[in-house]
Every structure is written in structure tokens, then in C-alpha cells.
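Understanding the architecture of this molecule
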Amino acid sequence: MILGVDIGNTTIYFGVIDNNEVVKSFRITTKKDITEEEYEIVIKNVLEENIEKDKIDGIIIASVVPEVTSELEQALTNVIGVKPVIAQRDVVTNLGADPENIKVVGTDIICNSVGAKIKYKLPVIIFDMGTATTCMVVDEQGIFRGGMVCPGLKTSVNALISNASQLSNFPLGNPKNMIGMDPPECINAGVIYGHSSMINGLKTRIEKETGSKYTVVLTGGNSDYVKDYIDKDIIVDKNLIFYGLNELYKNI
């Protein structure tokens, strides 16, 4: 079994891959101010709840948080007894990505693109909803061509609340109505319907600009909030990145 690890700004996402399929996934909170030893304790606890560590043959990490990568890498080595491989851009270029286009993007974007390339009909648009909502475009030849970065769903809410003195935290979830009657309802409706409409609209605009019809995949930790509000032909695949990580691991 391979353990894929996606280190994001908000959460660290783990995926257990067996025979090229993701059989289990789980998350912990990303903490930039804890030590390697503290991460060891967290990892021991989360692995005990989800998988027997002796069954893990390899580990591969994609990270957009450099200050956490080394601590987590060493903690995983100490707990599991397997040294992780760090996903690097030079490996990705061997799988068909345009080297000029990948110089300025995170490895999570590249891994999602590789996962979509091997799993879905090309061309593909991928929306990844995390701290940011990123949009990635992979063309008919499986080449990553670029994309967009938008403020994330929760990031937008937190920014709004922190900058408006009369607003407070509220449960984020399915809006009761599109038109709210109080500030929490209004914000919730605005965020959920607004973000889902953004995804639908960007999909339409990309197809119009490029003249191509795309497979569209939604992934990321915040995708559950909008999955019931997006166009029905958009595929929801929260484990997409692990298929990319698995492919990278096989090519290292």
C-alpha cells in the first residue's frame, strides 16, 4: 500500500492507495508551530484509527507549506519506518506537463492534473476547493496549460467576518433560501450560491474561449459545500490528488 500525503495550508490530507485505487482517506489540521515530535504523536493516533502502519510500503508527499514539510517527513519516517518521497516538478515533466507552465504552480496543482489525466476523458478542467479555489486546465494531449486562483470559500467568509464589526461566526452549510432574512442566512446563501455560480460560470467561459468541451472535476476539502449546487455534469472526486501522487510514485 502507498500512503499519499497532501500538505495544504488548512489541512493535511492522507490517502491510502492499494492496487491503484484509493481505499481510505482522512485529514488532520495543518499546524505550522508544532515540532516533529508533536506531529509523531498526531500521526500515530490517526494511523491507529485508519490503517495498520506495517502495511504501508511507500509514502509520497505533495506540499504547498514548506515550513511543515520537513517536520512531517521526518515524523512519518520515525512512525512508519519508511522514508517519504517528495513530489518534485522534474518528475512531473516526464509525465507530459509543459515545463514552462509548471515553474510557478504548486505541486498539488500538478498532482491533481496528473490524476485527472489518467482517470478522466481529456480535456479536463479541475476545480480544487481548499484555502484557495484553484482552476486547472489540461488539454487534449494531457498537457497542463494553466489556470486561475480564486479566494477560497472559507477564506472569503473569514475575511468578511474579520473585517466587519457587526458580523459574527455562523454555521456554514446548506442555505435554507437563496434570499436570506438575517446576516448569517444572507452570508451563507451568498457564499454557497456565489461560489457554485463562480464554478459554473468559469467552466462556461473557459469552454467558450477555447472552443472545446471539457470533462469538469471538482475536488478539495470544501467541495462538499457546493456539490449540490453546481452543474450536474461536474464530477465530484475528493481523492483526485492521490491518483496523481500514485502515478508520480510509480514513475520515480
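Just above, that's the structure.
Not measured: the values here are computed from a predicted model.

**Considering the layout of surface pockets**
Gaps left between atoms show up when a probe the size of a water molecule is rolled over them. Estimates place the volume of the largest pocket at around 710 Å³. In terms of residue count, the dominant contributor to the lining of the largest pocket is strand β8 (residues 144-151) (five residues). Considered class by class, the residues forming the lining of the largest pocket number twelve nonpolar, 18 polar and six charged. Within the residue set of the lining of the second largest pocket, elements represented by two or more residues are β8 and α6 (183-210). Here the lining of the second largest pocket gets four residues from one element, more than from any other, and that element is α6.

**Section: the side chain of Asn246**
Relative to the assigned elements, Asn246 resides in helix α7 (residues 240-250). Since its relative accessible area comes to 7%, Asn246 is described here as buried. Once residues lying within four places of it in the same chain are set aside, the contact partners of Asn246 are Ile2, Ile17 and Asn20.

**Considering the environment of Asn112**
Within the fold, Asn112 resides in helix α4 (residues 107-119). Sequence separation between Asn112 and Val46 is 66 residues, and the spatial gap between their C-alpha atoms is 24 Å. Excluding anything up to four places from it in sequence, Asn112 contacts Ile126, Asp128, Met136, Thr219, Leu240 and Ile241. Within the structure, the side chain of Asn112 is placed 3.0 Å from the side chain of Asp128, a separation counted as a polar contact.

**Re the environment of Asn78**
Relative to the assigned elements, Asn78 resides in helix α2 (residues 66-80). Distance from Asn78 to Glu36, taken between C-alpha atoms, is 9.6 Å for residues 42 residues apart in sequence. Filtering out sequence-adjacent residues up to four positions away, Asn78 remains in contact with Glu36 and Glu40. A polar contact of 2.7 Å, which involves the side chain of Asn78, links it to the side chain of Glu40.

What counts, and at which threshold
- Residues numbered from 1 in each chain as written.
- Predicted model: local features only at pLDDT ≥ 70, side-chain atom pairs only at ≥ 80, totals over all residues.
- Heavy atoms only, no water.
- 1 Å grid on protein atoms, 1.4 Å probe; cavity = no way out; pocket = protein on both sides within 12 Å on 5 of 7 lines; lining within 4 Å.
- Points joined across faces, edges and corners; volume = space filled by probe spheres on them.
- Helix = DSSP H or I, 4+ residues; strand = E, 2+ residues; numbered from the N terminus.
- Nonpolar A, V, L, I, M, F, W, Y, C, P; charged D, E, K, R; others polar.
- Buried < 20%, exposed > 50% of the residue type's maximum accessible area, 1.4 Å probe, protein only.
- Contact = heavy atoms within 4.5 Å.
- Polar contact = N/O pair within 3.5 Å; in protein donor to acceptor, adjacent residues only side chain to side chain.

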